[in-house]
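Examination of the molecular architecture
Each chain, letter by letter, is given below.
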Amino acid sequence: MGEGPMKATGAEAAAGASEVGAQASAAGANAAAREMRGRARRTGSASRTRSIAFVGLTIAIMGVSAWVSVPLGPVLLTLQMFAISFAILVLSPRECMVAITGYVLLGTLGLPLFSGMRGGIGMLLGPTGGYLWGYLLGVGAALALRAALARMAGTRAFAVDLCACLVFIAVSYLCGCVQYAAVVGVDLAAAFAVTIAPFAIPDVMKAVAAVVCARAVKRALPRR
């Protein structure tokens, strides 16, 4: 007669222990999930901070590169093509677009970020302002082409990076030439002689240098 109650008591104890164990497991799982979410938030915050720093540094480099200039007629030969090509290859597409947009916007607002340490809306509307619009369009075109070629080739080889930089330069040239012709009142052949012909070879050399430097930097830095 006493054996039945003892068995019942043992079963209840086992059930209670199982329930306690389940609760402990659930608590442990919740704690682990909270820890993972916390790590994800910290990682995301650190990544955003690093991204903002990269964008700010790139804008500064673009501005400084515009100050290093050699006058070749009404258009100045600067290091901007190198700096922007380098940004296309090193930054993520989003970071690169934010950087070039921020550069043009800050310069338009009056900061001396453009060639000759100039700034203001007049630069965008002037004879050489087409280059600035061209930077925005050229970066977008270069990033799109680079992504497409990388998917087709399965890798981002030297030729892919160089093609992207050359497309950026070509779009910038086109915009610069068209606006110069419209503002100055000359035909496209005369604008070509002023805005493209003197710069083509130096800018191709800058593109090659940008690809070499970017690939060296990316090999030296940890993958993001």
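Heads up: the structure comes first, above all this text.
A short tour of the structure in this document, coming up. Everything numeric in this text was worked out from a predicted model, so none of it was measured.

Quick word on the nonpolar core
In this structure, Ile84, Ile88, Tyr103, Tyr135, Val139 and Phe168 are the most contacted members of the largest nonpolar core, which totals 42 residues. Looking at this core, the elements with two or more residues in it are helix H1 (3-67), strand E2 (75-78), helix H2 (80-90), helix H3 (93-108), helix H4 (121-125), helix H5 (129-153), helix H6 (158-184) and helix H8 (200-220). With nine residues, the top contributor of residues to this core is H6. The contact partners of Phe168, leaving out residues within four places of it in the chain, are Met81, Ile84, Ser85, Ile88, Tyr135, Gly138, Val139 and Ala142.

Quick notes on unusual backbone geometry
Of note, the phi angle at Met117 is positive, near 55°, even though the residue is not glycine. Mapped onto the elements, Met117 comes out in the loop between H3 and H4.

Let's talk about the pattern of salt bridges
Under the definition given, this model contains three salt bridges. The partner of Arg215 in a salt bridge is Asp161, with the nearest N and O atoms 3.3 Å apart. Of this pair, Arg215 sits in helix H8 while Asp161 sits in helix H6; the two residues are 54 residues apart in sequence, bridging distant segments of the chain. Among the residues examined, Arg215 registers a relative accessible area of 26% and is labelled partly exposed.

What counts and what doesn't
Residues numbered from 1 in each chain as written. Predicted model: local features only at pLDDT ≥ 70, side-chain atom pairs only at ≥ 80, totals over all residues. Heavy atoms only, no water. Core = buried A, V, L, I, M, F, W, Y, C linked by side-chain atoms within 4.5 Å. Buried < 20%, exposed > 50% of the residue type's maximum accessible area, 1.4 Å probe, protein only. Helix = DSSP H or I, 4+ residues; strand = E, 2+ residues; numbered from the N terminus. Contact = heavy atoms within 4.5 Å. Salt bridge = Lys/Arg side-chain N within 4 Å of Asp/Glu carboxyl O.

Note that every value here comes from positions in space, so none of it alone points to a role or purpose.
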